[in-house]
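The lines below spell out each chain.
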Amino acid sequence: TLGDIKAIVFYVNLFPVFIDLSALNFPDILTIISITIIGVGGVKLIYAFSAKKLALLSRKHKLEIAARKTAGSLMVGAGGYLIVKA
């Protein structure tokens, strides 16, 4: 989440529009931090557990090698396209 550009843009640019930062006191800051950790971190945890479950399920299938090669080829192709385009 620390590298999520959308979160960074929100907290740096848009968050001060909604909250008067000069009027915040310590309990307010703790509340905001708690809501952020639960809201953002909770969603990221759900993504991580879902990805782990999907990875475990995919290992049971014979198509795992083909899926990995296909995904890898797509990533290499996309990277090559971006290099050529730049």
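As the structure is a computational prediction, the values presented were derived from the model and not from experiment.

## Considering the overall build of the chain
Piece 1. Along the chain, the regular secondary structure elements total three helices and zero strands.
Piece 2. Secondary structure of the chain in N-to-C order comes out as α-α-α.
Piece 3. Overall, the C-alpha framework of the chain stretches about 55 × 40 × 15 Å when taken along its three principal axes.
Piece 4. Taking all 86 residues of the chain together, the buried fraction comes to 3%.
Piece 5. About 7,600 Å² of surface is accessible on the chain, with carbon and sulfur atoms providing 74% of the total.

## A short note on helix H3 (residues 64–85)
Piece 1. Over its 22 residues, H3 runs 31 Å from end to end, which matches the ideal 32 Å to within 8%, given 1.5 Å per residue.
Piece 2. Here H3 lies mainly on the outside; one of its 22 residues are buried.

## Points about helix H1 (residues 5–18)
Working note: α-helix, 3.6 residues per turn, so residues spaced by three or four point in the same direction.
Piece 1. An ideal rise of 1.5 Å per residue puts 20 Å on 14 residues; H1 measures up with 19 Å between its terminal C-alpha atoms.
Piece 2. The largest bend in H1 comes to about 40°, at Tyr11.

What counts as what
Residues numbered from 1 in each chain as written. Predicted model: local features only at pLDDT ≥ 70, side-chain atom pairs only at ≥ 80, totals over all residues. Heavy atoms only, no water. Helix = DSSP H or I, 4+ residues; strand = E, 2+ residues; numbered from the N terminus. Buried < 20%, exposed > 50% of the residue type's maximum accessible area, 1.4 Å probe, protein only. Areas by Shrake-Rupley, 256 points an atom, 1.4 Å probe, with all protein chains shown as cover. Expected span 1.5 Å × (residues − 1). Bend = angle between axes of the 7 residues up to and from the residue.

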